[in-house]
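Read off the chains here:
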Amino acid sequence: MKTKYLLLFLFLTLSLAIQAQVSRIDSTAALLKKYQFSHLKPIVVGANGRYYYGGVRLRSNYSLEIPFGELDDPEVNHYFKSARVIRTVGTVVSVLPTIYYLIEGGSANVSRRTFWATYLASIGVSLTANIISTLKIRRAVSVYNTRLAQPRIGFSLQNTPLSRPAVGFGIAWDM
């Protein structure tokens, strides 16, 4: 009976996590949007799998939220939010053997086969969630860098010390 409650809890957790996914916004709207963020730098993925922004190593994958938020691209935000939800589901699922152990009331009432099956399944789900999350973050970084490499057109009008306006026009193309 308690196994049914555990399975029901797992089913509800996964269904709520899937419901929390943000619906994907049409990426064609993102392609048409012009970005004027010349202060943003590309994100580099090192050989060790770490992320570098402006030559500084980021301590966490969640540090990428700042440049992603500055760019405010719907596709990049979708990939990043999906990665966060998937990683959270993996973390929640990894706690299931402990919950099962506590619900059953200790080692005397716990079936070894059920405990180990739950334990190994939670490890598998957690590892799979982390791999999928990492792939989604890599995809977000790839789209982010692609958006930064698009050509940008700028126009500037400033007063000179002689109180005459100076007009500037430029095209920026990062490679």
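The rules we used
Numbering of residues starts from 1 in every chain and runs along the sequence as written. This being a predicted model, a pLDDT of at least 70 is required before a residue's local features are given, and a value of 80 or more before pairs of side-chain atoms are given or counted; all residues contribute to the totals for chains, interfaces and linings. No hydrogens and no water enter the side-chain calculation; it runs on all heavy atoms of the structure. The criterion for an aromatic pair is that two Phe, Tyr or Trp rings (for Trp, the six-membered ring) have centres within 6.5 Å, with stacked assigned to planes under 30 degrees apart, edge-to-face to planes over 60 apart and tilted to the rest. Under the scheme used here, helices are H or I runs from DSSP no shorter than 4 residues and strands are E runs no shorter than 2 residues, and both carry numbers assigned from the N terminus. Each residue's exposure class comes from its accessible area (1.4 Å probe, protein chains only) as a fraction of the maximum for that residue type: buried when under 20%, exposed when over 50%, partly exposed otherwise. Here, any two strands with at least 2 DSSP bridges between them count as paired. Buried Ala, Val, Leu, Ile, Met, Phe, Trp, Tyr and Cys residues that are joined via side-chain atoms within 4.5 Å together make up what is termed a nonpolar core. We call two residues in contact whenever any of their non-hydrogen atoms come within 4.5 Å of each other.

Caption draft 1: Spatial organisation of the packing of aromatic side chains. For the structure shown, the criterion picks out four aromatic pairs. On the basis of an interplanar angle of 80° and a centroid distance of 6.4 Å, the ring pair of Tyr 62 and Phe 80 is categorised as edge-to-face. Residue Tyr 62 is located in the loop between β3 (56–57) and α3 (65–71), and its partner Phe 80 is located in helix α4 (residues 74–93); the two are separated by 18 residues in the primary sequence. Residue classification places Tyr 62 among the partly exposed positions, given a relative accessible area of 34%. Taking the relative accessible area as the measure of exposure, Phe 80 reaches 4% and is therefore buried. Considering the side-chain rings of Trp 116 and Tyr 119, the 5.4 Å spacing of their centres and the 90° angle between planes classify their relative orientation as edge-to-face. Here Trp 116 and its partner Tyr 119 are both found in helix α6 (residues 112–148), three residues apart, which amounts to about one turn of the helix.

Caption draft 2: Spotlight on the sheet that holds β3. Taking strand neighbours across the sheet as the criterion, the three strands line up as β1-β2-β3 in an open arrangement whose pairing is antiparallel. A strand with exactly one partner marks an edge of an open sheet, and here the two such strands are β1 (43–45) and β3. Where strand β2 (residues 51–53) and β3 come together, two bridges link them in antiparallel fashion. In the strand pairing of β3, Tyr 52 is matched with Arg 57.

Caption draft 3: Expanded view of the nonpolar core. Membership of the largest hydrophobic core comes to 17 residues, with the highest contact counts inside it found for Ile 43, Tyr 51, Leu 64, Phe 68, Val 76, Val 141 and Tyr 144. Contributions of two or more residues to this core are made by α3, α4 and α6. Looking at this core, the element that brings in the most residues is α6, giving six residues. Beyond its immediate sequence surroundings of up to four residues, Val 76 is in contact with Phe 68, Leu 71, Ala 140, Val 143 and Tyr 144.

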